[in-house]
Amino acid sequence: MRIARFSIDGNVAFGAVEGDKPDELVLDIIKGIPFADFELSGTKVPLSKVRLLPPVLPNKVVAFGRNYAEHARELGNEVPDAPFAFFKPSTAVIGPGDAIQYPPFTEDLQHEAELAVVIGRMCREVPRERVADVVLGYTCALDVTARDVQRREKQWARAKGFDTSCPLGPWVETDLSLQDAKDLTIQLTVNGEQRQLGRTSEMIHSIEDLVVNISEAMTLLPGDVILTGTPAGVGPLHVGDEVAVTIEGIGTLTNKVVKRG
């Protein structure tokens, strides 16, 4: 099931996305929330009539860096022996179609396409064999990075945590199994030109590794998001660019870069 979060006539709801052709998709409004037992209402609205929002509002976004060897090398970094985590605040999260605001404190904004894991239940110290049980599904993510700030400040709070630096969407795909998610194509385009192309099978540390690693340290809550790293090909973004992340079996997340007003 593809679960979207959307607004219509000032109201916010979750819905199951139905249909195959982009111009014929509809939302069956969900009774309740997707993190508990819910029913489909049978009330349907065309996707074209709503505004898609971030599919979840995470309490925290846990991101893992340098999890693809070629990406680590392209930036001159060593491949870490263990998962390497950092955080993006909830205020960084935006949805499909929302504007990425180019912050005034950087001159080198860059794109990083990522598979995002959405947590479905509260959990801590998750054993490897139970990781699939705590995952609601998967979505597309864009880790927008102020690369010059990242290099200069060494720690990444401002470089990767600024407002609008974490687009998510367009929805959460719940029908992908954990095994499926381990070998998906990730593609990123800027203004229609391909910049990144890789597969999740290239990850150094698996989805299980990442969930086990972070849940050893902290409680994960329903709706929390784990970013799993980016393949090689990261590069610059400029005001006016349209950037799109497409992940096999999930969909396409598209955002435009604007100057922060």
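This report concerns the structure included in the present document. (Residues numbered from 1 in each chain as written. Predicted model: local features only at pLDDT ≥ 70, side-chain atom pairs only at ≥ 80, totals over all residues. Heavy atoms only, no water.)

Observations regarding the nonpolar core
Here is the rule: Here, nonpolar core refers to any group of buried Ala, Val, Leu, Ile, Met, Phe, Trp, Tyr and Cys residues whose side-chain atoms link them within 4.5 Å. Remark: exposure states derive from per-residue accessible area (1.4 Å probe, protein chains only) relative to the maximum for the residue type, with buried under 20%, exposed over 50%, and partly exposed in between. By the criteria applied, helices consist of DSSP H or I runs no shorter than four residues and strands consist of E runs no shorter than two, each listed in order from the N terminus. We call two residues contacting when some pair of their heavy atoms lies within 4.5 Å.
Ile100, Leu109, Leu115, Tyr138, Ile207, Ile226 and Ile247 are the most contacted members of the largest nonpolar core, which totals 46 residues. When residues of this core are assigned to their parent elements, the largest contribution, five residues, is made by helix α6 (residues 207-215). Setting aside anything within four residues of it in sequence, one finds Ile247 in contact with Glu114, Leu115, Thr139, Cys140, Leu184, Thr185 and Ile186. Grouped together as the second largest cluster of nonpolar side chains are 16 residues, Ala116, Ala141, Leu168 and Leu227 included.

Considerations on unusual backbone geometry
The omega torsion of the bond from Gly169 to Pro170 falls at 5°, within 30 degrees of zero and hence cis. Topologically, Pro170 is positioned in strand β14 (residues 166-173). A positive phi angle, close to 75°, is found at Thr164, a residue other than glycine. A residue is classified by how much of its surface remains accessible, and Thr164, at 7% relative accessible area, is buried. Although it is not a glycine, Asn191 adopts a positive phi angle of roughly 55°.

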